Amino acid sequence: MLYKNSSDVKVLKFGGTSVGSVANIKRVKAIVADNEKKIVVLSAMSGTTNTLVEISEFLKLKQSKKALNLIEKLHNKYASVLDDLIVASELKQHTGNYINTVFDFLKKSTTANYTQLLHNKIVAQGELLSTHIFTNYLHQEGVNVRLLSALDFMRIDKQEEPDDFYIKQSLFRILNEALPADVYVTQGFICLDAFGNISNLQRGGSDYTATIIGAVTDADEVEIWTDIDGLHNNDPRFVEHTHAISNLSFDEAAELAYFGAKILHPQTVMPARKANIPVRLKNTMRPEALGTLITSNVSEEGIKAIAAKDRITAIKIKSARMLLAHGFLKKVFEIFEKYETAIDMITTSEIAVSLTIDDDKNLVAIAEELSKFSTVEIDTQQSIVCLVGNSIVKHKETHRLFKVLQDISVRMISYGGSNNNISLLVNTKDKTKALKRLHNYIFNLVTT
Ligand code: ADP
Ligand code: ASP
Ligand code: MG
């Protein structure tokens, strides 16, 4: 039985664009239908989760007409996907019934009381739709396929961390009970919370689903199929002439994902690193491209990539009397700990400590508590620009970087905290300029 000795499992995840049109769904079929056993994790069709979030926001504002309008448009889109993709009459009827059930639920939601749980149920529908449609399409094409409901095994604990023990036990039980198949399809992103309610792994979370499944099944490899040929050395949305990096270590990839490389959900690398499972990033539109391979191997020294993370808040905590006093930083950190708010960067001077957070949910309460023993200054709309590589702090050229940023106001620098990372905090309006300058200097060898 495959999963009792699962050394031959591969997990393949396809993102929104990869399943975003009938033509692309056909490409995905061509990639997965090779008679090898695999678990396929799908995102929602591109645009769907955004629309579902919008629908939910309208419901929160009690604007049900606007919500119904979006629901109808989305329903029409799925009706036309069904028409173009599935021709076998029984399968078409079956898939059409499923689509109708989803849209009946969405319509009914417009008269329900808005709650977080309702929101979670609404945003889960995208992955439920894509996986049902894709599974039935594979059936039609003669692939031996089974649909596994992620809600039967994917679960997070009270700290919102994957509950590995539960996931492994449940997934193995389901796989061993299910009829044998070549392709097992499941939903990315969605899960149950510690209380058994429907929840999710945050936006972009299908990548994370894939590595969590890869780790618990001890897969040979996790492949993340997307719309670009691997992890690029800078953000291609803001910088021209970027290129895919062929190899990255888990540490490098984790830093890049955490600090804004949108191609990977921030937590994606963690389960793979822990279980030492290679992660390969591939392009659904160009399967022949090599992509990026992420493993425990550490390759050459130097800066490999630049990424940026927006919506950062900088907090300066000033206290002339107390900064150097024993216990001051402990007091500061305890407040962030109390509000479960992670700190990304930190710098200190004689009279102040500056730090950054990306989750500003509890900012007001945090600032209030800090104000009891210090003066607090807050700057929003900051971006962390992060340079990632191997031994970059030791690298002899690294110090020259700062020359290229001469006319950009760098609010904070974190250098030396790890060998893999140098982070700079800039105002978001200067981000693109900083990314371009650094790119030209580091990768195009422009001298300063
Ligand atoms: P998917 O829907 O497949 O999950 P995403 O949109 O989440 O795809 O991620 C792929 C996109 O990430 C690319 O189209 C690209 O615009 C963006 N991106 C940002 N930074 C990088 C990077 N360093 N390398 C590659 N892609 C990046
Ligand atoms: N569909 C979800 C989103 O758009 C999850 C994902 O695509 O990874 O955020
Ligand atoms: Mg994504």
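Bear in mind the structure is a predicted one, so any value in this text is a computation, not a measurement.

An account of the site of ligand 2 is needed here, citing residue identities and associated values.
The environment of ligand 2 is formed by S43, A44, T49, E127, F189, R203, G204, G205 and S206. Within the side chain of S43, an N or O atom sits 3.2 Å from an oxygen atom of ligand 2. Contact with the protein chains hides 86% of the accessible area of ligand 2, taken as 260 Å² for the molecule alone. Residue classes in the shell around ligand 2 are distributed as 2 nonpolar, 5 polar and 2 charged.

Tell me about the sheet that holds strand β16 (residues 421-427), and please be specific about residues and values.
One open sheet accounts for 6 strands, arranged β12-β13-β11-β14-β16-β15; its pairing is antiparallel. Here the strands that pair on one side only, and so sit at the sheet edges, are β12 (346-348) and β15 (410-418). Pairs of neighbouring strands in the sheet enclose a mean axial angle of 25°, with direction left out of account. Both strand β11 (residues 302-318) and strand β14 (residues 375-390) contribute to a ladder of 13 bridges, which runs antiparallel. By the bridge assignment, I306 is partnered in β14 with L387. Across the face of the sheet, helix α11 (residues 328-338) comes into contact with β11, β12 and β13 (352-357) while running at roughly 20° to β13.

Explain the site of ligand 1 to me, and be specific about the residues and the numbers.
Residues in close proximity to ligand 1 total 16 residues, the closest being G16, T226, D227, H232 and K262. One of the backbone nitrogen or oxygen atoms of G16 is found 3.0 Å away from an oxygen atom of ligand 1.

Thresholds applied
- Residues numbered from 1 in each chain as written.
- Chains lettered and ligands numbered in written order.
- Predicted model: local features only at pLDDT ≥ 70, side-chain atom pairs only at ≥ 80, totals over all residues.
- Heavy atoms only, no water.
- Near = heavy atom within 4 Å.
- Polar contact = N/O pair within 3.5 Å; in protein donor to acceptor, adjacent residues only side chain to side chain.
- Areas by Shrake-Rupley, 256 points an atom, 1.4 Å probe, with all protein chains shown as cover.
- Nonpolar A, V, L, I, M, F, W, Y, C, P; charged D, E, K, R; others polar.
- Pairing = 2+ DSSP bridges.
- Helix = DSSP H or I, 4+ residues; strand = E, 2+ residues; numbered from the N terminus.
- Axes fitted to C-alpha atoms, helices over the stretch in contact; angles between N-to-C directions.
- Contact = heavy atoms within 4.5 Å.

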